[in-house]
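Okay, here's what each chain looks like letter by letter:
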Amino acid sequence: MRLPVKKATAVYFFLFLLVICSSCGTVVKDFSTTKPFVYDNKITLNGNITKDEKNRLQSDLDNYWDASLKVRKVEKFFGIKYVITNPPVFDSNNISRTITFMNAYLNSQGYYYGVFTDSVKIDTVNNQMRTRVAVVINVGKNITIDSVSFDLSDSSLQKLTVEGEKNTLLKKGIPYTKQVISSELDRLVTLYRQNGYYNFTRENILAYVDSTDKRLLELTLDPFKQAQLIAEASKSRKENPAWDIAVERKPSFDSSILYQYHIGKLYYYPETKIYDLTDSLIEQKGFLEYQRRELVMRYRKGLFNYRPLREHTYLRRGQLYNEDNYYKSLNTLGRIGAWQQVDGKPVIRGKDSLDIYFFLVPAVKQSYDVNLEGSLNTSDIGTGNLWGISTSLSYTNRNVWKSAIQSIATFRTGVELNILSDNQDRLLQTFLISLGHTYVFPGLVQPFRNWKILNRADNKRTLFNVTGSYVDRRDYYRLRSLVTSWGYEWKKGNNVWLYKPLNIELYSIDKLYKLDSLILKNPFLKASFNEGKIVSQSLSFIKTFNALHNPNKSHYIRLGIEEAGGIWGFFDAFKNQIYRYVKLEAEYRQSIKMRKSELAYRAFAGVGYNYGTDPVIGTTLPFFKQFSAGGPYSMRAWGLRQLGMGSSIQSDTISTSNYRDRFGDMQLEANVEYRFPLTTIAGIKIASALFADMGNVWNVKKIASDPEAQFAFKNLIHDLAIGVGTGVRIDFNYFLIRLDLAYKVKDPARRYNDGWMKGFSFTETRQNGLEVNNLALQLGIGLPF
């Protein structure tokens, strides 16, 4: 009976494809039946330009079609159908306007010798007169910069310009564009305003562009010689066009643009109302005042201390006005959390002094947040299906001790209930309760106040956290933990640093009779329940930036190191009680955004080494510090924590329990994903992706009972797992739901064909009779990376 079913399925599938294909293409609605309408337009670029430059120009030129020649296609049915509604009637006069727009854009990019050729084709389809408009552009050569000069007509400005000339964007030989000219003028204005020239703006500077060939300036009375010079200049202009650029200051009757202003007094209004007019506040009387050196704090209720204001302002009395430090102060004060809005106003006093006024609108001081979560867990430790219900309550105070210190208290409790299982065990299976408290101090609380490197850091914060928890897993274990840490976070440019000089994690577990019985049957579980304490320090670094010549290409780099027990392990009181290990992590991400799609890459490497010798704690990292692979955010063709280790099948050979979580001391993983939109339904964006994941987890040290779990370079290719798949992403703007379907192309646990798939199969049976899925469906929130 199976053969007819397969044939019927094939027929239905073929009919389904036939229906889909018949509905593909472009449908036109509300069109003119008596006049040709614009159905399609196309731009073709020719010339000796790079592929990236060609793609950039072509993408931008699509925006310069005249409105009456634009084709507005609406995507339908996940991109397999397009609809054009009310297309514009074709008018040939609009082609010349389009060419004018496109030529102006090319001129702004340094292409002044473009040649345009247009063509029109009208096809009659039923009662439709479809017009296809094509423009072929030979862009010619890009004009380059020949020489650059600066003349500011002021000795101080000229000196400042010459000192910063090494940073100029105008360099001999680079392509000329109006954008690079504008960017250079912006750079110079910023340079001047960083050095006290508060009144100097873009209106006070300009750039002259000279396209004249110097050979035409030669004096000659010979007409033949003059004709030769003109011909040579014309030929040179086409073959190697180059222009001279002169940057000059505009003449002005306002002498204040040449004054260098110094910082005077700093005025703070930390209790500003959202509806207050800043100009009127400056003139108002009746404020209480606190003065300390150049700082003046004006208030009515006394809600804030002056210290966080002073510590997060990067302007000092007597210094030259620096616009970067002014905006840096505004942004830093706004990020503390105690104020919801921060504005500023410089006011000139006298001839060369600037008083700075800061207006800070307080945020809501206290807030509460309640969350309710639910989950379904399938496990063979005890009962089968467990419903989890948990709730968390958090309380935030954004201005503790009037010093803009944030205090965050969290309380969480939850239970796992045996509801859907046939097992007659008690309803309550697991009980959890935890309490945590975090203080976020503005600035770095440390004894080394004279460290200049710390003074130059931005967005400085000190973090102190204490969390205690208790888990009672009925008949299996009781786990108590206390975790506390002290850390510093700061930012410098695009770099974010987090250093925790002290992190203490204390754990105590009471193993009950059912857990002891399970470990006897499954020895590999023992490492997951080792007892030990952690005294560690860690340092992490994150850098994000866009490519210099391609703003659509972004990069993300994360490095981290954690060291535990290095010093404390030498004390007799801590021997055989704390873990001693070093753990390193590195991650790199790249995103390339295209017109409607995105290509994303990710690479991750992590390794930890336990150099302790305690036989009770063990020779691996604690399981809560180990690496795992699988799930919606890692190696999606495998279930959560179900890949590895290496090509070991030890977990699969144990048939007495389905508890097969795999943890390792080392992980390598690489991911690539092509993301593209499908459609929009009721304002909700529907997208998809094609992806591939590759990686695995390993042990660093050799275990005699499972040698295939150890990492070795010679086995790397054999041990790597590969999964491919596709998915659907539903974007609600404030959050994204992701459903990914992935298939195991290469599984190191396969004992045939070197792990590679051999035909397509939803499931396969291992040597011990265990049936495993080759296809995995993953539900996740947000993008995987």
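Refer to the preceding data block for the structure.
Note that the coordinates shown come from a computational prediction; the quantities given were computed from them, not determined experimentally.

## Focus on the overall build of the chain
Across its full length, the chain carries 13 helices and 32 strands. Counting the 785 residues in the chain, one finds 41% classified as buried. Across the chain, contacts joining residues at least 24 apart in sequence account for 64% of those joining residues at least 6 apart. Of the roughly 43,100 Å² that the chain leaves accessible, carbon and sulfur atoms contribute 57%.

## A short note on the sheet that holds strand β13 (residues 339-349)
Neighbouring strands of a sheet are bound in pairs by backbone hydrogen bonds; such pairs are parallel or else antiparallel. Pairing is mixed in the open sheet, where five strands are placed in the order β11-β12-β10-β14-β13. Among the strands making up the open sheet, the edge pair consists of β11 (288-292) and β13. Sheet twist, expressed as the mean angle between neighbouring strand axes with direction ignored, is 20 degrees. Sheet analysis places strand β10 (residues 262-269) next to strand β12 (residues 295-299), joined by three bridges and oriented parallel. Paired with Tyr 267 across the strands is Val 296, a residue of β12.

## Thoughts on the packing of aromatic side chains
A complete count under the given rule lists 33 aromatic pairs for this structure. Members of the aromatic cluster, each reached through a chain of ring pairs, are Tyr 198, Tyr 259, Tyr 261, Tyr 321, Tyr 326 and Tyr 327. The aromatic ring of Tyr 314 is capped on one face by Lys 328, whose charged end is 4.1 Å from the ring centroid.

## A word on the sheet that holds strand β2 (residues 37-46)
The strand order across the open sheet formed by three strands is β2-β6-β5, and the pairing between neighbours is mixed. Here the strands that pair on one side only, and so sit at the sheet edges, are β2 and β5 (115-125). This sheet shows a mean twist of 15 degrees between the axes of neighbouring strands, independent of strand direction. Examined bridge by bridge, β2 and strand β6 (residues 128-138) share nine bridges and lie parallel to one another. Following the sheet pairing, Lys 42 is matched in β6 by Ala 134. Along the sheet, helix α2 (residues 51-61) makes contact with β2 and β6, crossing β2 at roughly 155 degrees. Set on the sheet, helix α3 (residues 93-108) makes contact with β2, β5 and β6; between it and β5 the angle comes to about 140 degrees.

## Examining the pairing of strand β18 (residues 428-442)
Relative to β18, strand β17 (residues 405-417) runs antiparallel, the two being bridged by twelve bridges. Across the sheet, Thr 410 pairs through a bridge with Gly 436, a residue of β18. Sheet analysis places β18 next to strand β19 (residues 458-473), joined by 13 bridges and oriented antiparallel. Residue pairing across strands places Ile 433 opposite Tyr 470, the latter belonging to β19.

## What about the pattern of salt bridges?
By the definition in use, this model includes 37 salt bridges. Two residues, Arg 298 and Glu 289, come together in a salt bridge whose shortest N-O distance is 2.9 Å. Overall, Arg 298 belongs to the buried group, its relative accessible area being 14%. Of the charged contacts, one joins Lys 625 and Glu 562 as a salt bridge, the two residues approaching to 3.3 Å between their closest N and O atoms. Note that Lys 625 is positioned in the loop between β25 (598-610) and α12 (650-653) and Glu 562 in strand β23 (residues 553-564), a separation of 63 residues in sequence. Glu 562 shares its class with Lys 625; the two are buried. What emerges from the salt-bridge pattern is a single network uniting Lys 593, Glu 598, Arg 636, Glu 673, Arg 675, Asp 693, Arg 729, Arg 738 and Asp 740.

## Focus: the layout of surface pockets
Space inside the second largest pocket adds up to approximately 1,600 Å³. Lining the second largest pocket are 33 residues, with Asp 52, Glu 53, Arg 56, His 549 and Asn 550 positioned closest to its centre. For the lining of the second largest pocket, the leading source of residues is α2, giving six residues. Across the lining of the second largest pocket, the residue classes break down as ten nonpolar, 14 polar and nine charged.

## Structural notes on the packing of α2 against α3
The axes of two packed helices give the description: the angle between them and the distance between them. The geometry of α2 relative to α3 is characterised by a closest axis approach of 11 Å and an angle of 140 degrees between their N-to-C directions. When the axes of α2 and α3 are compared, the pair comes out oblique. The handedness of the crossing between α2 and α3 comes out as right-handed. Contacts from Arg 56, Leu 57, Asp 60 and Leu 61 of α2 reach α3 at Met 102, Tyr 105 and Leu 106.

Analysis parameters
Residues numbered from 1 in each chain as written. Predicted model: local features only at pLDDT ≥ 70, side-chain atom pairs only at ≥ 80, totals over all residues. Heavy atoms only, no water. Helix = DSSP H or I, 4+ residues; strand = E, 2+ residues; numbered from the N terminus. Buried < 20%, exposed > 50% of the residue type's maximum accessible area, 1.4 Å probe, protein only. Contact = heavy atoms within 4.5 Å. Areas by Shrake-Rupley, 256 points an atom, 1.4 Å probe, with all protein chains shown as cover. Pairing = 2+ DSSP bridges. Axes fitted to C-alpha atoms, helices over the stretch in contact; angles between N-to-C directions. Phe/Tyr/Trp six-rings, centres within 6.5 Å; stacked < 30°, edge-to-face > 60°. Lys NZ or Arg CZ within 6 Å of the ring centre and 35° of its normal. Salt bridge = Lys/Arg side-chain N within 4 Å of Asp/Glu carboxyl O. 1 Å grid on protein atoms, 1.4 Å probe; cavity = no way out; pocket = protein on both sides within 12 Å on 5 of 7 lines; lining within 4 Å. Points joined across faces, edges and corners; volume = space filled by probe spheres on them. Nonpolar A, V, L, I, M, F, W, Y, C, P; charged D, E, K, R; others polar. Parallel < 35°, antiparallel > 145°, perpendicular 65-115°, else oblique. Left-handed = near helix turned anticlockwise from the far one by under 90°.

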